[in-house]
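Per-entry structural report
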Amino acid sequence: MDERNVLIAFDGSESAFKAVDYVADQFSGLKDIRVTLLYVIPNVPPEFWDDGHILTPEEKRDRQVVIDRWFANQKMVLEPHFEKARRVLVEKGMEAGQVETVVAGDTVTVAEAILEEAKTGRYRTLVIGRHGAVPILAGGLAATLLHRGAGLAVCIVE
């Protein structure tokens, strides 16, 4: 396990960019670190799967085309945000080769997807930006990651 690898839960929001800035400030100049920006594509909207009847094989194929197009669009919309985050990290001293992006989809929850990636053994630090004014221990993504992120240093940036 490389203890210097950092995973940033990234959704392109202002909070996510605060997490990127934090990582850039804390880890820039270190050549033995890799930073991964992880975006979790939300579950497929119900209108793509809830027709009230069992789909025929032809309907399933047609539906899969629509779903694949939806996922591709999600990735396309996110790419400029990934590029901006890479630029921030590089401008603050990281090399482009130290930064990678991962897109996860088809998951139960965003928290599950983040924890699954974090626990692959490639990371010891997980950084997320905090959204909203809900107290961290009251629930939500941050609370789930704190409670279930055993073995990880979880950093919540506000």
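Everything here concerns the structure above.
The rules behind these values
Residues numbered from 1 in each chain as written. Predicted model: local features only at pLDDT ≥ 70, side-chain atom pairs only at ≥ 80, totals over all residues. Heavy atoms only, no water. Core = buried A, V, L, I, M, F, W, Y, C linked by side-chain atoms within 4.5 Å. Buried < 20%, exposed > 50% of the residue type's maximum accessible area, 1.4 Å probe, protein only. Helix = DSSP H or I, 4+ residues; strand = E, 2+ residues; numbered from the N terminus. Contact = heavy atoms within 4.5 Å.

1. So, the nonpolar core
I8, F10 and V23 are the most contacted members of the largest nonpolar core, which totals 29 residues. Tallying contributions element by element places helix α2 (residues 57-91) first for this core, with eight residues. Excluding its chain neighbours within four sequence positions, the residues that come into contact with F10 are A16, F17, V20, L37, L38, Y39, L78, H81, F82 and A85. Core analysis: the next-biggest nonpolar cluster, separate from the first, contains 17 residues, L7, A118, L126 and A142 among them.

2. Let's talk about helix α3 (residues 110-118)
Each α-helix winds once per 3.6 residues, and so residues spaced three or four apart point in a common direction. Of the positions making up α3, those classed as buried are A111, A113, I114, L115, E117 and A118. The elements touched by buried residues of α3 are β1 (6-9), β2 (35-40), β3 (99-104), β4 (125-129) and α4 (140-148).

3. Considerations on the side chain of Q98
One can find Q98 in the loop between α2 and β3. Discounting residues that sit within four places of it in the chain, Q98 has contacts with L30, K31, I33, R34 and V35.

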